[in-house]
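# Coordinates in review
Below are the chains, spelled out letter by letter.
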Amino acid sequence: MQEVVVLSGKGGTGKTSIVGSFAALAKSKVLVDCDVDAATLHLLLQPAIREKHEFWSGQVAVINAERCTQCGLCQEQCRFAAIKDINIDTISCEGCGFCSHICPAEAITMKENMAGHWFISDSRYGSLVHARLGIAQENSGKLVALVRQQARQMAEKSEANYIISDGPPGIGCPVISSLSGANLALLVTEPTLSGIHDLERVLGVCYHFSVPALVCINKYDINEDNTRQIEKFCLGQGVEVAVRIPFDNTVTKAMVAGLPVVEYSRNGVSHQIEALWELVSKSLTK
Amino acid sequence: MIISVASGKGGTGKTLVATSLALSLKDKHEVQLLDCDVEEPNDHIFLKPVITGSEAVCIPIPEVDEKKCTYCGKCAEACAYHAIAVFTKHVLVFPNLCHGCGACSYLCPEKAITEVGREIGVVECGHSDGMEFAHGKLNVGEAMPTPVIRRVKSKANRDWIVIIDVSPGTSCPVVESIKDSDFCLLVTEPTPFGLNDLMLAVETVKELEVSCGVVINRAGVGDRKVEEYCLREGIPVLLTIPLDTEIARINSRGRTLIEGMPQWKESFIGLFGQIQEIMNARSGCLKR
């Protein structure tokens, strides 16, 4: 079983639209949405939730006002400025527990934190594992690791060929958590200077974690000079540019209809995404 | 006054709005632009700032003096992140897991732990065409953007108009960036993905008790559900930018909207006026 994760660095380049189409094209797979703080793959796959689980992670400090002597030591020592006027700011609290260890009155305890939910759902394209991080919560990396682990178990049980994973934007903790140990990263970029800049950084993360990468240029005709620049950059890096996908508003129309674009329309975009899946699945079985 | 520009969904035009707003206001006000999307900072591509200062952002991580260490294990017990492990005659530190809380060094009974800085990113300051600029860059391979964001925000001058460009999403980096803002502009696009993530972003700003307004970008591309949602929730739509291939082309070349289509300047000055009105009405309410 092989796992591909779709990343981009820059947001809004078309990761989810591509993964949604892969869901329709690939046979024998488990789908996973690793963008746990703004998940959208379910909007295309329209799954029915089969299981809902709580995600408990990290801790938050709680001050027992009756015991507290207002000495102020906790506030003085907290490196995250999470204690103001001897009150815990739960949003700033990183759950390190330093305050609870040093409080001379033993007035501070650490409380387990419910940080979100994760789901196993059935769609007409197969199983989807996804999650929703609670508002203003931390530990997105841990939740990503959890949904990936669930997807892996399900894929093993059902002897699926592929795990197809929709990754988050950026290069930080949830991206690293989505990427480490995957077999292939598909990097979706767009021909803007921002897209190129962000591609370079996310490719750096792939190198760092030794995950092979494949690039796809979406909306390539917005600026063909930049498209050529991306291709030149990739050539220099020894990274293959799999396909160029043209800009086409049917991608948005498919999204409004709640369908993967390859099922919504038979046009240039759909053909390119089919060719892309062909190449991705080939790279995975290599 | 601090105005943050966020979105939930990526690629909706945060950087477009943040840079346009800053450039439209800089002639009449003192403006500072802080790019807090430290994972993928892009404002510098458009503003081409002159960088005058650069500082490393470090997390203080423990260094154990094994001559003093008695392997009592107090440090490992206290560490909530499992960043330090104590064996019978050996101590291991995992720098990537350490959040730099300082518990281990404070609690070590032998005073065997000192802290050393581990660089995770950099903050660069400078100026661009009459306004102040700062951004942070998380080093590639590093997981924790929030200390870098905190450092960028420490440059904020509240007497000025401070515009903060935020990363996409709703989790810790977004919260860290928006926190303490006076107003948050949420940039979205009228599509199901845009709406889904806008709703999450609205919940986040509510949790942070920051007032917000919406900018709809690429209007005409999808459906009308974003507008319907804003109307229902009483969230003001402060500016609408249509789907326009000319804007996309200007943007793709790394040129700012104000430079490429100066007619937009008035709209952004108007946007700022509306934000001021909302803020004034709000402080009026509070006074009463």
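Everything numeric here is computed off the predicted structure, so don't read it as measured data.

## Considerations on the overall build of chain A
- Looking only at helices and strands, chain A has eleven helices and eleven strands in total.
- Each principal axis of the C-alpha atoms in chain A carries an extent, and together these give about 70 × 40 × 35 Å.
- Taken across its 286 residues, chain A has 57% of its residues classed as buried.
- For chain A, the proportion of contacts with a sequence separation of at least 24, taken over those separated by at least 6, is 75%.

## Digging into the overall build of chain B
- Scanning chain B for helices and strands turns up eleven helices and eleven strands.
- Its C-alpha atoms put chain B at 70 × 40 × 40 Å along the principal axes.

## Re the interface of chain A and chain B
- Taken together, the 52 residues of chain A in the interface contact 52 residues of chain B.
- Each residue belonging to the side of chain A that touches chain B can be placed in one class, and the counts come to 20 nonpolar, 25 polar and seven charged.

## Describing the domain arrangement of chain A
All names here are of chain A.
- As assigned here, chain A comprises domain 1 (2-46 + 124-285) and domain 2 (57-114).
- One C-alpha centre belongs to domain 1, the other to domain 2; they are set 40 Å apart.
- Between domain 1 and domain 2, the residue contacts involve five residues of the former and four residues of the latter.
- Class assignment for the residues of the side of domain 1 that touches domain 2 results in one nonpolar, two polar and two charged.

## Comments concerning the sheet that holds strand β8 (residues 162-166) of chain A
Residues and elements named next belong to chain A.
- Judged by pairing direction, the sheet is mixed, and its nine strands sit side by side in the order β3-β6-β7-β2-β8-β1-β9-β10-β11 without closing on themselves. This sheet does not close on itself; its edge strands, each paired only once, are β3 (48-63) and β11 (240-245). Each strand of the sheet is rotated relative to its neighbour by a mean of 20 degrees, with strand direction disregarded.
- Of the strand pairs in this sheet, strand β2 (residues 29-33) and β8 are connected by five bridges, and their pairing is parallel. Bridging across to β8, V32 finds its partner in S165.

## Thoughts on the sheet that holds strand β7 (residues 131-138) of chain B
Residues and elements named next belong to chain B.
- A sheet is described by the order of its strands in space; here nine strands give the open sequence β3-β6-β7-β2-β8-β1-β9-β10-β11, paired in mixed fashion. The two strands at the open ends of the sheet, each matched to only one other strand, are β3 (50-64) and β11 (237-242). The average undirected angle you get between the axes of adjacent strands in this sheet is 20 degrees.
- Looking at chain direction, strand β1 (residues 2-6) and strand β9 (residues 183-188) are connected through four bridges and run parallel. What sits directly across from A6, in β9, is L186.

## Examining the nonpolar core
- V147(A), L187(A), V5(B), I163(B) and L186(B) are the most contacted members of the largest nonpolar core, which totals 175 residues.
- Those residues within four positions of L186(B) in sequence are excluded, and the remaining contacts are A6(B), S7(B), L198(B), A201(B), V202(B), C212(B) and V214(B).

## Remarks on the domain arrangement of chain B
- You can read the domains of chain B as domain 1 (2-57 + 122-287) and domain 2 (66-111).
- Taking only C-alpha atoms, the centre of domain 1 of chain B and the centre of domain 2 of chain B are 40 Å apart.

## Some remarks on the packing of helix α1 (residues 15-25) of chain A against helix α11 (residues 268-285) of chain A
All names here are of chain A.
- Across the interface, α1 lies against α11 with an axial gap of 10 Å and an inter-helix angle of 70 degrees. It follows from the interaxial angle that α1 and α11 lie roughly perpendicular. On α11, the residues that touch I18, S21, F22 and L25 of α1 are I273, E274 and W277.
- Partitioned by chemical class, the residues of the contact of α1 with α11 number five nonpolar, one polar and one charged.

## Considering the confidence of the model for chain B
- Summing up the model confidence of chain B, the mean pLDDT is 96 and the portion of residues at 70 or higher is 99%.
- As a predicted assembly, this complex carries a pTM of 0.95 together with an ipTM value of 0.94.

## Here we look at the environment of V214(B)
All names here are of chain B.
- For V214, the location among the structural elements is in strand β10 (residues 211-219).
- Separated by 138 residues in sequence, V214 and A76 have C-alpha atoms that sit 46 Å apart.
- Not counting the four nearest positions on each side in its chain, V214 is found in contact with L186, T188, C230, I235, P236, V237 and L238.

## A few points about unusual backbone geometry
- A positive phi is found at E159(A), a non-glycine position, where the angle reads about 50 degrees.
- Mapped onto the elements, E159(A) comes out in the loop between α5 (140-157) and β8.
- You will see that K48(B), though not glycine, has its phi angle at about 45 degrees, which is positive.
- Relative to the helices and strands, K48(B) resides in the loop between α2 (43-47) and β3.

## Considering the environment of S252(B)
- Position of S252(B) among the secondary structure elements: in helix α9 (residues 245-252).
- Given 22 C-beta atoms within a 10 Å radius, S252(B) is considered buried.

## Concerning helix α7 (residues 193-208) of chain A
- Over its 16 residues, α7(A) extends 23 Å from the first C-alpha to the last, a length consistent with the 22 Å expected when each residue adds 1.5 Å.
- In the segment just after α7(A), S210(A) is the residue with positive phi, at about 55 degrees.

## As for the packing of α7(A) against helix α8 (residues 224-237) of chain A
Residues and elements named next belong to chain A.
- One way to put it is that α7 packs onto α8 with a least axis distance of 11 Å and a crossing angle of 20 degrees. The orientation of α7 relative to α8 falls into the category roughly parallel. Note on packing geometry: the crossing formed by α7 with α8 is right-handed. Of α8, the residues touching α7 (which contributes I196, L199 and L203) are N226, Q229, I230, F233 and Q237.
- Tallied by class, the residues present in the contact of α7 with α8 amount to five nonpolar, three polar and no charged.

## Looking at the pairing of strand β5 (residues 90-93) of chain B
Residues and elements named next belong to chain B.
- Pairing of strand β4 (residues 84-87) with β5 involves four bridges; the strand directions are antiparallel. Note on β5: the bridge partner recorded for A85 is L92.
- A loop of two residues connects β4 with β5, the two strands running antiparallel in sequence.

## Some words on the environment of V237(B)
- With respect to the helices and strands, V237(B) occurs in strand β11.
- Between the C-alpha atom of V237(B) and that of C212(B), which follows or precedes it by 25 residues, the distance is 9.6 Å.

## Quick look at the pairing of β7(B)
Residues and elements named next belong to chain B.
- Here β7 lies mainly inside the structure; eight of its eight residues are buried.
- Residue alternation in β7 divides its side chains into two sets, M131, F133, H135 and K137 and E132, A134, G136 and L138, and both sets are buried.
- As paired strands, strand β2 (residues 31-35) and β7 are joined by four bridges and run parallel to one another. Across the sheet, D35 pairs through a bridge with H135, a residue of β7.
- Here eight bridges tie strand β6 (residues 113-128) to β7, and the two strands are oriented antiparallel to one another. Note on β7: the bridge partner recorded for G126 is F133.
- A loop of two residues connects β6 with β7, the two strands running antiparallel in sequence, and D129 in this loop sits at a positive phi of about 50 degrees.

What counts and how
- Numbering of residues starts from 1 in each chain and follows the order in which that chain's sequence is written.
- Chain letters and ligand numbers both follow the written order, the letters beginning at A and the numbers at 1.
- Local features in a predicted model are, by the rule used here, given only for residues with pLDDT of at least 70; side-chain atom pairs are given and counted only at 80 or more, and totals for whole chains, interfaces and linings are based on all residues.
- In this text, helices come from DSSP runs of H or I with a minimum length of four residues, and strands from runs of E with a minimum of two, each type numbered from the N-terminal end.
- Neighbour density around each residue's C-beta defines its exposure: 20 or more other C-beta atoms within 10 Å make it buried, 12 or fewer make it exposed, and counts between make it partly exposed, where C-beta atoms are placed from the backbone.
- Working definition of a contact: two residues with C-beta atoms, positioned from the backbone, lying within 7 Å.
- All amino acids are sorted into three groups, where Ala, Val, Leu, Ile, Met, Phe, Trp, Tyr, Cys and Pro are nonpolar, Asp, Glu, Lys and Arg are charged, and the leftover types, Gly among them, are polar.
- Reported domain spans reflect what an automatic or database domain assignment gives.
- When DSSP finds two or more bridges between two strands, those strands count as paired.
- Every axis in this analysis is a line fitted to C-alpha atoms, fitted for helices over the stretch in contact. Angles between the N-to-C directions lie between 0 and 180 degrees.
- Here, a nonpolar core means buried Ala, Val, Leu, Ile, Met, Phe, Trp, Tyr and Cys residues linked by C-beta atoms lying within 7 Å of one another.
- Roughly parallel means an angle under 35 degrees; roughly antiparallel means over 145; roughly perpendicular covers 65 to 115; every other angle is labelled oblique.
- Each residue carries a pLDDT score, the predictor's own confidence in it, on a scale running from 0 to 100.
- The span expected for a helix works out to 1.5 Å for each residue beyond the first.
- Crossing handedness: left-handed means the near helix sits turned counterclockwise from the far one by under a right angle, and right-handed means the same turn made clockwise.

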